[in-house]
Structure formats: structure tokens, C-alpha cells
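Residues per chain, in single letters:
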Amino acid sequence: MDKHVKWGLMKEYFDNVTVEQLIEDSKRAGMIFGPSEPYLPKPIKARIRQGLRPKRITAIWFEGKPLYYAKKHPWEKQKHTSPQNPT
Amino acid sequence: MEVFYHGTVRSFADEIVRTQRLGYSGGEQHFLGNGVYLYKEQLQARVWAEMKAKSRMSEPVVLRVGVCVPGLEYLDLDLRANQDEFFYWRQQYLKKLGLPGAQHPYYTDSHFCDFISEVLSVNMLAKTFVYVHKKEQQLPVLHTNQKQTNRNITRHFRTEKQYCLKEDSWIKDISEWQVSDYG
């Protein structure tokens, strides 16, 4: 039996399996299942839960690692004031 | 019979040699799923043993493990053909579970490897992974948006080929490997 026939078992399995059986087999393999929800990073989820508008998240790459910071929306930016030019 | 090596610490090694049984490792951090993790290379097993021994304040020990591996049931995920199949069936798996009404899986590579081992009746998986030492922190660097970069950075990184044995009944012999046996 060569590798193509071996992977053929996978094709045979997927052609015949129902979604419910697939979930059962996956659970037996240790996969955890939960309600369907889109993937969002935790900070954004927390803000949505609080009813806040999510900030735009961006990243700067430094030595192969991302350093995340949130960019402010225009209305969130503070207007700078100075004694010479008070607003 | 093929020879593999397993790195561990003194207290576990004595028990393993006495009972001739190796414990299973599992969890998300074991990317080939639940099973006995082995190396073909003695030095890699030694590095692993030393790392474990340091954290446990114990003596590192490398075990020589004789395994009978029928060729048909050994899946090498370093081969391009097998990788193509793996990623294709992973896509099909997630696609099928993405159908309306289906529950959403918390996908992990380790559990998916257990899943395909079950479906394909494969008892041993092997793959090469990036090995990142905690202190060295050598991660592959592909991009940087710094204007002035350190030109001494390397795109090479350490790797280790892991073998995950799903069925420990294939293990025929376990003995302690002495440093003098090296070479």
C-alpha cells in the first residue's frame, strides 16, 4: 500500500462522514467545540463587550517580533494646546 | 528494528527501564499529538534531557529505544507529498466544520494529528519543527520595518525532527544510553 492509497482512506472518510459524526470523531481526538464566533484578538473583543468602538490595531515589526499598538481615531486625538495658542 | 532516543531525567529513567514502558506526552504544545516522543539523533535527545534536568534539578539521562516500525504505518510529514495531503485535508476538515449549524472547533495541530492518525490507522508520525531555545530566542526573521537593521541577523534557525509513536506496543527494548556509546 503506497502513500496515495493511504490518503485515499481520508477521501473515503470525508466522502461518507456526516458533520455530526465528524464532530464526534474530532471530540474523541481531543478537539474542543464551542459556539461559532469569528476570531478577534482579545483587546478588541473586550472593547466590543464594553460597548466601545474597537480601536484600530497595528503592529511594528522589531527583530522579528510584532510590537502592537492601537492607533487612535481622529475624534480620539487630543488637540494640542499651548499658552501661546490656546483653543 | 529501528533505534530511537528519548531524553529524560534520572528518576523517570530508572522507572522506564525497569517497566520497559514510556509515558505518553500530549497537549497543544506537542504538535504531533498524543504519544511517545522520540528522536533519531542522540545529541538532540541529550539536549532535551539536559533542559528537563536543569528545571528539575536532576541528572539528564538518554534512553535507547528499539522500535519495530512496519513501513506502511509510518507517516513522514517532511515529505512534500504528505505535506500537500495534510494541508489539503486540514482545509477540507475546517471547511466541513464551517457548514451552517455546525459547531465551531477550537482547532489545534496536535488534535488534528490524532484525528488523522485514527482515520488513516497510522501509528507513528514524524516531522521537523523549529527548535527555539528559551535563552537563545532564535526566531526566523523575515521582515523588519526598522530603518536601520542589524545586518548580522540570520534567517537560519535550529530544527529538530520529532517522532511521535502512537502505539507503545511497538517498543521492543529500552535501555540507558551511555555517553561512551556516542560515536
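This structure is a prediction, so every number in the text was calculated from the model and none was measured.

Definitions and cut-offs
- Residues numbered from 1 in each chain as written.
- Chains lettered and ligands numbered in written order.
- Predicted model: local features only at pLDDT ≥ 70, side-chain atom pairs only at ≥ 80, totals over all residues.
- Helix = DSSP H or I, 4+ residues; strand = E, 2+ residues; numbered from the N terminus.
- Buried ≥ 20, exposed ≤ 12 C-beta atoms within 10 Å, placed from the backbone.
- Pairing = 2+ DSSP bridges.
- Axes fitted to C-alpha atoms, helices over the stretch in contact; angles between N-to-C directions.
- Core = buried A, V, L, I, M, F, W, Y, C linked by C-beta atoms within 7 Å.
- Contact = placed C-beta atoms within 7 Å.
- Expected span 1.5 Å × (residues − 1).
- Arc of directions from axis to C-beta.

Caption draft 1: Looking closely at the overall build of chain A. Counting secondary structure elements, chain A contains three helices and three strands. When the helices and strands of chain A are placed in sequence order, the string is α-α-β-α-β-β. Here chain A, with 87 residues, has 6% of them falling under the buried criterion.

Caption draft 2: Representation of the sheet that holds strand E4 (residues 74–76) of chain B. Residues and elements named next belong to chain B. Taken together, four strands build an open sheet; the order of strands is E2-E7-E6-E4 and the sheet is mixed. Looking at the sheet topology across the chains shown, the edges are occupied by strand E2 (36–38) and E4. For this sheet the average axis-to-axis angle between neighbouring strands, irrespective of direction, equals 25°. Inspection of the sheet shows E2 paired to strand E7 (residues 159–165) by three bridges, in the antiparallel sense. Counted as the bridge partner of Leu38 is Tyr163 from E7.

Caption draft 3: Layout of the nonpolar core. Membership of the largest hydrophobic core comes to 38 residues, with the highest contact counts inside it found for Tyr5, Leu38, Leu63, Val65, Tyr163 and Leu165 of chain B. Contacts of Leu63 of chain B, omitting those with residues within four sequence positions, involve Tyr5, His6, Thr8, Ala13, Ile16, Ile174, Ser175, Glu176 and Trp177 of chain B.

Caption draft 4: Representation of helix H2 (residues 42–56) of chain B. Residue and element names in this part refer to chain B. Under the 1.5 Å per step criterion, the end-to-end length of H2 is 21 Å for 15 residues, consistent within 8% with the ideal 21 Å. Gln44, Ala45, Trp48 and Ala49 are the residues of H2 that are buried. End-on, the buried residues of H2 take up no more than an arc of 135°, which puts them together on one face. Within H2, the exposed residues directed more than 90 degrees away from the buried face are Leu43 and Lys54. Of the surrounding elements, those touching the buried residues of H2 are strand E1 (2–9), strand E3 (60–67) and E7. Immediately beyond the C-terminal end of H2, within one or two residues, lies Met57, with a positive phi of roughly 55°.

Caption draft 5: Broad picture of the sheet that holds strand E8 (residues 171–177) of chain B. Residues and elements named next belong to chain B. Overall, antiparallel pairing links the three strands, which are arranged E1-E3-E8 in an open sheet. Edge positions in the open sheet fall to E1 and E8, since each of these has one partner strand only. On average, adjacent strands in this sheet sit at an angle of 25° to one another, irrespective of strand direction. Sheet topology note: the E3/E8 ladder contains six bridges and is antiparallel. Residue pairing across strands places Gly66 opposite Asp173, the latter belonging to E8. Along the sheet, helix H1 (residues 10–19) contacts E1, E3 and E8; its crossing angle with E1, the most-contacted strand, is approximately 135°. Taken strand by strand, H2 contacts E1, E3 and E8, and its axis lies near 15° from that of E1.

Caption draft 6: Focus on unusual backbone geometry. Residues and elements named next belong to chain B. The phi dihedral of Gln20 falls on the positive side, at around 60°, and the residue is not glycine. Structurally, Gln20 can be placed in the loop between H1 and E2. Phi is positive for Ser121, which is not a glycine, with a value near 55°. By secondary structure assignment, the location of Ser121 is in the loop between helix H4 (109–120) and strand E6 (124–130). For Ser121, a count of 11 C-beta atoms within 10 Å corresponds to the exposed category.

Caption draft 7: Quick look at the environment of Tyr37 of chain B. Among the structural elements, Tyr37 of chain B can be located in strand E2. In this structure, the C-alpha to C-alpha distance between Tyr37 of chain B and Arg80 of chain B, residues 43 residues apart in sequence, is 22 Å.

Caption draft 8: Geometry of the environment of Val62 of chain B. Residue and element names in this part refer to chain B. Counting through the fold element by element, Val62 comes out in strand E3. Of the residues examined, Val62 has 26 C-beta atoms within 10 Å and is grouped as buried. Between the C-alpha atoms of Val62 and Gly7, which are 55 residues apart in sequence, the distance is 4.6 Å.

Caption draft 9: Representation of the pairing of E3 of chain B. All names here are of chain B. With six of eight residues buried, E3 is to be regarded as a mostly interior element. For E1 and E3, the ladder comprises eight bridges, and the chain directions are antiparallel. Across the sheet, residue Val9 finds its bridge partner in E3, namely Pro60.

Any link to function would need more than the numbers given here.
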